[in-house]
Amino acid sequence: MQMQNSSSSENSAKNSGQLIRLKLEDIKPGRYQPRKKIADSHVNELADSMGDVGLNEPIVVTASPSDAGRFELVSGEYRWRAAAKLGWATIEVYLTSETDRVVAIAAITANGGLPLDPIEEAEAFARLHDEFQMTHAQIAKSCGKGGNRAYVSKAIRMLKLPTIIRDWIAEKKLFPTHAQIFLEFGHLDIIEIARRCVEFDWSTQKLKEELAVRAGTADTGRRDSKTVDWMELE
């Protein structure tokens, strides 16, 4: 297929669904990119590989709706950054004209090679729910979770936790299984307990035991009534 340059909305429409070449400077991160942190080490690894063998797979972009002549990444931000590190002026892209909803879903599923952290994934799910009115079951099916709506519901519910606890989950100092336990004991001062959980590397069983003790014998095993049915989130 013949490669060509494109920098206008007219050419964008004409070339939609094709492989073309674009200037790196005409491409910018996508609105629906769920990843908040870019790992420089992965950019360097990709740059080393691309410097030796070139680009194995084109990146995917869509025309920017707010910036004429520019394009937003759908997938391939690491490859785009690696190309910039190598000093490439242009890069091969697949230009898509899919809807925002499809682009938002693709931005999640395209991160399979370097998985999102649990909070990035949860925020991406929440955006699909809030912006595109997708149900948790639809999100699970579209994002490769096998239709497991409970997985999506539990992920989104983690966003109710205090910011510092979400940060520890993103950094993998705590895990989503810890998060679900904290949510069951939201009536306690969970930040201090979470701090000790991180410091002493508590298992989920140890965390349950500590929370039950702090809640009092009458509250042992108690769950907040709002968390009994994960499906209520929809």
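Because the structure is predicted, anything quoted here is derived from the model rather than measured.

*Asks:* Residue-level account of the pairing of strand S1 (residues 19-23), with values.
*Replies:* With burial as the criterion, only one face of S1 is covered, namely that bearing Ile 20 and Leu 22; the residues Leu 19, Arg 21 and Lys 23 on the opposite face remain uncovered. Where S1 lies against strand S5 (residues 90-96), five bridges are found, and the strand directions are antiparallel. Note on S5: the bridge partner recorded for Ile 20 is Val 93.

*Asks:* Could you give an account of the packing of aromatic side chains, with specific residues and numbers?
*Replies:* All chains considered together, the criterion is met by two aromatic pairs. Ring plane angle 70° and centroid distance 6.3 Å describe the contact between Phe 125 and Tyr 151, whose orientation is recorded as edge-to-face. Placement of Phe 125 in helix H5 (residues 118-132) and of Tyr 151 in helix H7 (residues 149-157) is noted, with a sequence separation of 26 residues between them. You can call Phe 125 buried: its relative accessible area is 0%. The side chain of Lys 206 reaches across the aromatic face of Trp 202, ending 5.8 Å from its centre.

*Asks:* Describe the side chain of Arg 79, listing the residues and the values that go with them.
*Replies:* As for its position among the elements, Arg 79 is in helix H3 (residues 77-85). Buried within the structure, Arg 79 lacks any salt-bridge partner; Glu 57 is the closest side chain of opposite charge, at an N-O distance of 4.2 Å. Here the side chain of Arg 79 touches Glu 57 through a polar contact of 2.9 Å, landing on its backbone oxygen.

*Asks:* Summarise the pairing of strand S4 (residues 71-75); cite the residues concerned and give the values.
*Replies:* Counted residue by residue, S4 has five buried out of five residues, so it is predominantly covered. Pairing of strand S2 (residues 27-28) with S4, which is carried by two bridges, proceeds in the parallel orientation. Bridge pairing links Ile 27 to Phe 71 in S4. With four bridges joining them, strand S3 (residues 59-63) and S4 adopt antiparallel strand pairing. Bridge pairing in S4 places Val 60 opposite Ser 75.

Basis of the calculations
- For every chain, the first residue of the written sequence is number 1, and numbering continues from 1 onward in sequence order.
- A pLDDT threshold of at least 70 governs which residues receive local features in this predicted model, and a stricter bar of 80 or more applies before side-chain atom pairs are shown or counted, although totals over entire chains, interfaces and linings include all residues.
- Excluded from the side-chain calculation are hydrogens and water; included are all heavy atoms of the structure.
- Between buried and exposed lies partly exposed: a residue is buried under 20% and exposed over 50% of the maximum accessible area for its type, with that area taken using a 1.4 Å probe on protein chains only.
- Secondary structure elements are taken from DSSP: a helix is a run of H or I of four residues or more, a strand is a run of E of two residues or more, and numbering for both begins at the N terminus.
- Here, any two strands with at least 2 DSSP bridges between them count as paired.
- Paired rings are identified among Phe, Tyr and Trp, the last through its six-membered ring, by centres lying within 6.5 Å, and are further divided according to the angle between planes into stacked (under 30 degrees), edge-to-face (over 60) and tilted (the rest).
- Charges are assigned to positions over rings by a cutoff of 6 Å between ring centre and Lys NZ or Arg CZ, combined with an angular limit of 35 degrees from the ring normal.
- As used throughout, the charge tally considers Lys and Arg to be positive and Asp and Glu to be negative, leaving His and the chain termini uncounted.
- By salt bridge we mean one thing: a side-chain nitrogen of Lys or Arg within 4 Å of a carboxyl oxygen of Asp or Glu.
- Here a polar contact is taken to be a pair of N or O atoms separated by no more than 3.5 Å, where protein atoms must pair a possible hydrogen donor with a possible acceptor and residues adjacent in sequence count only if both atoms sit in side chains.

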